[in-house]
Amino acid sequence: MATRLPASKSNVSTSVTAPTRRGRPPRKVYINVLVKATTRDGLARLKASGSLASQGEVIDELVEKVLSLKTRSGN
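The model shown is predicted, which means the values in this text are computed figures rather than measured ones.

## Comments concerning a nonpolar patch on the surface
A surface patch of nonpolar side chains, amounting to about 380 Å² of accessible area, comprises V29, I31, V33 and V35. By the secondary structure assignment, V35 is in the segment before helix 1 (37–49). Taking relative accessible area as the criterion, V35 reaches 40% and is therefore assigned partly exposed.

This is the structure we're talking about:
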């Protein structure tokens with residue numbers, strides 16, 4: 001009679017969830033702005049390479065990074 005070994009854990013990492021937020025969830029708003037065609041193309045490329053759902057998420061991420069850089073540099 002063969003003995004079964006417990007299933008081994010796979011090497012696939014589980015997805016990391018975002019930390020729990022307190023208070024109200026972030027509000028989503030719409031903006032309608034005129035941009036150059038090259039800017040729109042760049043947003044589309046960043047969206048695809050960053051696995052983001054929308055060009056708005058690309059803008060959110062870029063703004064967050066610039067603000068954190070400004071905060072660190074003291075400007």
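Additional details are given in the paragraphs that follow.
## Some points on the pattern of salt bridges
Opposite charge on two side chains allows them to pair when their charged atoms are near. Under the defined criterion, the tally for this structure stands at one salt bridge. A salt bridge links K65 to E61; the shortest N-O distance between them is 3.6 Å. Taken together, the residues span about one helical turn, with K65 and E61 both in helix 2 (residues 55–73) at a distance of four residues. By relative accessible area, which is 47% here, K65 ends up partly exposed.

## With respect to unusual backbone geometry
Positive phi outside glycine occurs at S51, with the angle close to 55 degrees. Tracing the chain through its elements places S51 in the loop between helix 1 and helix 2.

## Re the packing of helix 1 against helix 2
Packing of helix 1 against helix 2 leaves a shortest axis separation of 9 Å and a crossing angle of 90 degrees. It follows that helix 1 is roughly perpendicular to helix 2 by the angle criterion. Contacts from R40, L43, A44, L46 and K47 in helix 1 reach Q55, V58, I59 and L62 in helix 2. For the contact of helix 1 with helix 2, the per-class residue count stands at six nonpolar, one polar and two charged.

Analysis parameters
- Each chain carries its own residue numbering, running from 1 in the written order of its sequence.
- Totals for whole chains, interfaces and linings use all residues, but because this is a predicted model, local features are given only for residues with pLDDT of at least 70 and pairs of side-chain atoms are given and counted only at 80 or more.
- Heavy atoms from the whole structure form the basis of all side-chain values; hydrogens and water molecules are not counted.
- Patch building starts from residues that exceed 30% relative accessible area and form no salt bridge, then joins like charges within 9 Å and nonpolar side chains (Val, Leu, Ile, Met, Phe, Trp, Tyr) within 5 Å.
- Every accessible area reported is derived by Shrake-Rupley at a probe size of 1.4 Å, with residue values counting cover from the shown protein chains alone.
- Here a salt bridge means any side-chain nitrogen of Lys or Arg lying within 4 Å of a carboxyl oxygen belonging to Asp or Glu.
- Each helix is a run of DSSP H or I of at least 4 residues and each strand a run of E of at least 2, with the numbering of both proceeding from the N terminus.
- A simple rule labels every residue: compare its accessible area, found with a 1.4 Å probe on the protein chains alone, to the largest value its type can have, and call it buried under 20%, exposed over 50%, or partly exposed in between.
- Axes here refer to lines fitted to C-alpha atoms; in helices the fit is confined to the stretch in contact. Angles between the N-to-C directions go from 0 to 180 degrees.
- Any angle that is under 35 degrees is reported as roughly parallel, and any over 145 degrees as roughly antiparallel; angles of 65 to 115 degrees are reported as roughly perpendicular and all others as oblique.
- Residues are treated as being in contact if the distance between any of their heavy atoms lies within 4.5 Å.
- Residue polarity follows a fixed list, in which Ala, Val, Leu, Ile, Met, Phe, Trp, Tyr, Cys and Pro are nonpolar, Asp, Glu, Lys and Arg are charged, and the others, Gly among them, are polar.

By themselves, these are just geometric observations and shouldn't be taken as functional.
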